[in-house]
Amino acid sequence: MAVILGIESSCDESACAIVRDGYEVISSQVASQIAKHAVHGGVVPELAAREHLTALQRVLDAALTEAKMTMDDIDAVAVTQGPGLMPALLVGFNFAKGLALGHNKKLIGTNHFIAHIYGAFLEDGKSVIEDKERYPMLALVVSGGHTSLMLLDESGKARHLGWTIDDAAGEALDKGAKLLDLGYPGGPIMQKTGEGGDINKYHFPRPLTGTSGKALSEENRFNFSFSGIKTALLYHVKREKESGNIFEGELLKDTVASYQEAVIDVLVRKTLDAAKTFKVGSIVVAGGVACNKPLRERFIAKTPSNILLKMAKPIHCTDNAAMVAGLGYHYWKKGMFTDINADAFARLPEISEVPFIGE
Ligand code: KG4
Ligand code: ZN
């Protein structure tokens, strides 16, 4: 049995959580900085770092209080080591180092991308991870920083099938919302604004899907591209404004619904193509954009019945520390600890193995 404390500070959420044996979330606290960044229209790394600096101790106290525990009850400290915004990462990573040193605990650095995938297995995912029938597993990670398809086999080997060659899906939604003056972060705002809108009213491109009449190269079959959708929105807005139209009411709602639909259509289409190609036993959908209701509904409607669909619960989709603590447990079990002098990393390293499968 192990009780792991998780700490997350890769972007604009300061989070601490306590998880028992990898799955049972005993407490999870997230302090969002959204309001601080919203006035700037996006996350300002230095501002994020300063906010983590003042928030983390408070968030840790809240997580311990919620769990009715003290640091004595904690077996190890897991923390996001990367990828993410370096100034923000460094605050959480050093905070974790201080805790580990001060309380004589092992330090476990985790990869934020893998932690997002693991988020789908928190609470009730153990049986899925342990079920051989569910492999190979296809993971779609869709967040503000990543849009990737990864294939996982039952021994824990991981293979990146594709990623975005420009913007991430969350970034496309964030930038789209900014262009429409809707605020930050764009994903949830777009979802709300587009509710009830006509998804077919305006046509936005579906890049790298082979639907534009242009043949899709094999190399890009499982890659994504979202910057063209954003450019199309820019021209659409310009055209409508030049015609004297104001972005409100039906025009706004239908524009947002159609734009969001283009992003969803690409994500679902590509994921299902990969699922069919690699004859997967399950599809995992994780990351902040996996909160999106129409996206979830589309996956439910389109996933063939012989494939298990495992979508992270919305609270485990956006940045949180429960996914860090849960993943940390699997490192703990394998004795994979991190040196106290280790550095954080900003970019996604090559991933060939995930630690939570194949035990
Ligand atoms: O995973 P996350 O919290 O942080 C990163 O690691 O990037 O993801 C944040 C992204 C943002 O782009 C945000 O707009 C998007 O997730 N997001 C959503 C929704 N909630 C958050 N996108 C679409 N629909 C939502 N409901
Ligand atoms: Zn994230």
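Parameters at a glance
- Residues numbered from 1 in each chain as written.
- Chains lettered and ligands numbered in written order.
- Predicted model: local features only at pLDDT ≥ 70, side-chain atom pairs only at ≥ 80, totals over all residues.
- Heavy atoms only, no water.
- Donors = N, O, S within 2.8 Å, 3.2 Å for Na, K, Ca; no water.
- Tetrahedral: all angles 85-135°; square planar, octahedral: opposite > 155°, others 65-115°.
- Helix = DSSP H or I, 4+ residues; strand = E, 2+ residues; numbered from the N terminus.
- Buried < 20%, exposed > 50% of the residue type's maximum accessible area, 1.4 Å probe, protein only.
- Pairing = 2+ DSSP bridges.
- Axes fitted to C-alpha atoms, helices over the stretch in contact; angles between N-to-C directions.
- Contact = heavy atoms within 4.5 Å.

Novice: Requested: an account of the coordination of the zinc ion (ligand 2), with residues and values cited.
Specialist: Within the protein, His-112 (NE2), His-116 (NE2) and Asp-319 (OD) serve as the donor atoms for the zinc ion (ligand 2), at 2.0 to 2.1 Å. Classification of the site at the zinc ion (ligand 2) rests on its four donor atoms, whose angles at the metal span 95 to 131 degrees, yielding the label tetrahedral. All donor residues of the zinc ion (ligand 2) come from one chain, and their arrangement in sequence is H-x3-H-x202-D. Of this pair, His-116 sits in helix H4 (residues 112-119) while Asp-319 sits in the loop between helix H11 (314-317) and helix H12 (322-334); the two residues are 203 residues apart in sequence, bridging distant segments of the chain. Exposure remark for Asp-319: the relative accessible area of 14% places this residue in the buried category.

Novice: So what about the sheet that holds strand S5 (residues 106-111)? Which residues, and what values?
Specialist: A sheet is described by the order of its strands in space; here five strands give the open sequence S3-S2-S1-S4-S5, paired in mixed fashion. What marks the edges here is a single partner per strand, and that holds for strand S3 (24-32) and S5. Direction aside, the axes of adjacent strands within the sheet are offset by 20 degrees on average. Pairing geometry for strand S4 (residues 76-82) and S5, over six bridges, is parallel. Within S5, the position partnered with Val-77 by the bridge is Leu-107. Contacts from H4 reach strand S1 (3-8), S4 and S5, with the element oriented near 85 degrees to S5. Against the sheet, H12 contacts S1, strand S2 (13-20), S3, S4 and S5, and its axis sits at roughly 115 degrees relative to S5.

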